[in-house]
Amino acid sequence: MESFSNSRVYLKSRPGADHEPSMENFGHETCPLPPALSSGEVTIKTLYISIDPAMRCRMNDETGVDYINAWQLGETIQGLGGVGEVIESKDTAFSKGDQVQGVMNWPWIKFFNTKTDDKLLPLTKVDAALKSNPQVVLSLFGVTGLTSYLGVKERGNLSPGKNQTFVVSGAAGACGNLAGQIGKLLGAHRVVGICGSDSKCSFLTTQLGFDTALNYKTENSPQRLKETCPEGIDAYFDNVGGTLSEEVIKQMNEGSHVILCGQIAVYNKDVPYPPPISQQMQDIISDRNITRERFLVLHFQDQFGDGIKILQEWYINGKLKVPEYIHEGLGHAGEAFVNMMTSVKQEKVGKQMVNVDS
Ligand SMILES: NC(=O)c1ccc[n+]([C@@H]2O[C@H](COP(=O)([O-])OP(=O)(O)OC[C@H]3O[C@@H](n4cnc5c(N)ncnc54)[C@H](OP(=O)(O)O)[C@@H]3O)[C@@H](O)[C@H]2O)c1
């Protein structure tokens, strides 16, 4: 390993629970290569890391949720997922050259050692057929794809022939674009996407099979929802929360379903998760018998294996497209995250990830 150099991204400062994060919150520096391996460990070279909104809460002193801890100042950032290559192994179950995937706690560092039985970073080997495409492993066959599939399947109550209208917010993002496509595959009659730019809207309708899309930044969302969902809304994949989601819920039908996936509009605010909703929203939800239960993909781990098989089948048969935006170089990881979490205008469609090896 002498010819390699190592580098990492660490938490330099906290933005404060009520503020947008900034690039200054992240540091990027060279660091020592990992030490010699002990038995039961592997050395991994990180190939790609995933950029996820859920990491925002780890920048605070307290995350406010029980399944992930706050990052400590100076600590190497641990993201939600990564794909890497085993370059040395002292575990007979892993060989040099194996590609591995980890969900939860993948460190933003080029080279690291890990115990193969570490419960904080469980490793799975990447299927040989997918080795040449680690990006799709990180997006479709990682937390993102499983969230989209299991969220729609478990909470959407979609079925063919029911003439249902399905609305997705954050629709050009990683989970949102897949949720819309999966909604169609699971029977939604009409799929409407909401996102933040005209070019994203166009991508959804021309490339991904959404029936229509609206730009919440420039259009009158309540009016456009009325026009595009003339028979009301039967299921809503909610990635954003806030006032936009209130406008969607106001137009939901009796007995309809909210898939409460995420609330990115309030991640830079000091509120609990899920954030409280207004009395008016509570009344609508209860009067119309709308289901709106928090969805957390980690609660469905027993379905991950079957979920991945179905996603693979759709992908291989060309039924699912998997857009991605790749940021080049570990040094850009903090910037990629900050841009995702702030009002910076972005034209990035699909899963955002960093090619660490570039
Ligand atoms: N429940 C679970 O188990 C689970 C698992 C994974 C992810 N999630 C959640 O799913 C959601 C989407 O995550 P992702 O990884 O797919 O991210 P993503 O959608 O790829 O990226 C976030 C996008 O959200 C939009 N956005 C940012 N601030 C916004 C605001 N204030 N209001 C409306 N839209 C805003 C931006 O797109 P625009 O240009 O459209 O504004 C941005 O590109 C997040 O809320 C995340 O926490 C939940």
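Residues numbered from 1 in each chain as written. Predicted model: local features only at pLDDT ≥ 70, side-chain atom pairs only at ≥ 80, totals over all residues.

### Section: the overall build of the protein
Here's step 1: If you tally the helices and strands in the protein, you get nine helices and 15 strands.
Here's step 2: Against the 2.2 N^0.38 benchmark of 21 Å for 358 residues, the protein shows a C-alpha radius of gyration of 21 Å, consistent with a compact globule.
Here's step 3: Its C-alpha atoms give the protein principal-axis dimensions of roughly 65 × 45 × 35 Å.
Here's step 4: Per-residue burial for the protein yields a buried fraction of 42% across its 358 residues. (Helix = DSSP H or I, 4+ residues; strand = E, 2+ residues; numbered from the N terminus. Rg over C-alpha atoms; globule rule 2.2 N^0.38 Å. Buried ≥ 20, exposed ≤ 12 C-beta atoms within 10 Å, placed from the backbone.)

### With respect to helix α6 (residues 242–250)
Here's step 1: Here α6 has its buried residues at Ser-245, Val-248 and Ile-249. Down the axis, α6 shows its buried residues gathered within 95 degrees of arc, on one side only.
Here's step 2: Against β8 (165–169), α5 (221–228), β11 (233–238), β12 (252–260) and α7 (279–287) lie the buried residues of α6. (Arc of directions from axis to C-beta. Contact = placed C-beta atoms within 7 Å.)

### Quick notes on the domain arrangement of the protein
Where the parts come together, the accessible area they lose is often given as the size of the interface.
Here's step 1: Segmenting the protein into domains produces domain 1 (6–140 + 323–355) and domain 2 (148–298).
Here's step 2: Using C-alpha coordinates to define each centre, domain 1 is positioned 28 Å away from domain 2.
Here's step 3: Its residues placed into classes, the side of domain 1 that touches domain 2 shows seven nonpolar, five polar and six charged. (Domains from an automatic or database assignment. Nonpolar A, V, L, I, M, F, W, Y, C, P; charged D, E, K, R; others polar.)

### Side note on the site of the ligand
Here's step 1: Taken together, 30 residues form the shell around the ligand, and within it Gly-173, Ala-174, Gly-196, Gly-262 and Val-297 come nearest.
Here's step 2: Contributing elements (two or more residues each) for the shell around the ligand: α2 (143–155) and α3 (174–185).
Here's step 3: Tallied by class, the residues present in the shell around the ligand amount to 16 nonpolar, twelve polar and two charged. (Near = placed C-beta within 6 Å.)

### Topic: the nonpolar core
In summary, soluble globular proteins display a tendency toward joint burial of nonpolar side chains.
Here's step 1: By size, the foremost hydrophobic cluster in this structure holds 90 residues, and its most contacted members are Val-167, Leu-204, Tyr-236 and Ile-259.
Here's step 2: Of the domains in this structure, domain 1 (6–140 + 323–355) and domain 2 (148–298) are the two that each give at least three residues to this core.
Here's step 3: If near-sequence neighbours (up to four positions away) are discounted, Ile-259 is found in contact with Gly-151, Val-152, Arg-155, Gly-156, Ala-235, Tyr-236, Phe-237, Asp-238 and Phe-295. (Core = buried A, V, L, I, M, F, W, Y, C linked by C-beta atoms within 7 Å.)

### A few points about the environment of Pro-323
Here's step 1: Here Pro-323 shows up in the loop between α8 (304–316) and β14 (324–328).
Here's step 2: Note: C-alpha distance between Pro-323 and Gln-352 (29 residues apart in sequence) is 9.1 Å.
Here's step 3: Pro-323 has contacts with Asn-177, Val-349 and Gly-350, leaving out every residue within four places of it along the chain.

### Some points on the environment of Tyr-149
Here's step 1: Topologically, Tyr-149 is positioned in helix α2.
Here's step 2: Owing to 28 C-beta atoms within 10 Å, Tyr-149 belongs among the buried residues under this scheme.
Here's step 3: In this structure the C-alpha to C-alpha distance between Tyr-149 and Gly-161, which are twelve residues apart in sequence, comes to 20 Å.
Here's step 4: Excluding anything up to four places from it in sequence, Tyr-149 contacts Ile-182, Gly-307, Ile-310 and Leu-311.

### Focus on the packing of α2 against α8
Here's step 1: The contact between α2 and α8 brings their axes to 10 Å, and the two run at 95 degrees. The angle between α2 and α8 places the two elements in the roughly perpendicular class. The segment α2 lies against α8, with Gly-145, Leu-146, Tyr-149 and Leu-150 engaging Phe-304, Gly-307, Ile-310 and Leu-311.
Here's step 2: Tallied by class, the residues present in the contact of α2 with α8 amount to six nonpolar, two polar and no charged. (Axes fitted to C-alpha atoms, helices over the stretch in contact; angles between N-to-C directions. Parallel < 35°, antiparallel > 145°, perpendicular 65-115°, else oblique.)

### Overview of unusual backbone geometry
Here's step 1: Residue Pro-274 follows Tyr-273 across a cis peptide bond; omega there is -10 degrees.
Here's step 2: Tracing the backbone through its elements, the reader meets Pro-274 in the loop between β12 and α7.
Here's step 3: A positive phi angle, close to 65 degrees, is found at Asn-105, a residue other than glycine.
Here's step 4: Phi at Asn-163 takes a positive value of approximately 60 degrees, unusual for a residue other than glycine.

### Notes on the sheet that holds β8
Here's step 1: Across the sheet, which stays open at both edges, the six strands sit in the order β10-β9-β8-β11-β12-β13 with parallel pairing between neighbours. Looking at strand neighbours, the two that pair on one side only are β10 (212–215) and β13 (291–294), the edges of this open sheet. On average, each strand axis in the sheet is inclined to that of its neighbour by 15 degrees, with strand direction left out of account.
Here's step 2: Of the pairings in the sheet, the one linking β8 to strand β9 (residues 190–195) comprises five bridges and is parallel in character. What sits directly across from Phe-166, in β9, is Val-191.
Here's step 3: Across the sheet, helix α4 (residues 198–207) is in contact with β9 and β10; its angle to β10 comes to roughly 170 degrees.
Here's step 4: Lying on the sheet, α6 is in contact with β8, β9, β11 and β12; it crosses β8 at an angle near 175 degrees. (Pairing = 2+ DSSP bridges.)

### A look at the pairing of β9
Here's step 1: For β9, the buried fraction is high: six of the six residues fall into the buried class.
Here's step 2: Of the two faces of β9, the one holding Arg-190, Val-192 and Ile-194 and the one holding Val-191, Gly-193 and Cys-195 are both buried throughout.
Here's step 3: In this fold, β8 hands off to α3, which returns the chain to β9; that crossover is right-handed.
Here's step 4: Across four bridges, the pairing between β9 and β10 is parallel. In the sheet register, Val-192 faces β10, and the bridge partner there is Thr-212.
Here's step 5: Tracing the backbone out of β9, into α4 and back to the parallel element β10 gives a crossover that is right-handed. (Right-handed = clockwise from strand over helix to strand, strands pointing away.)

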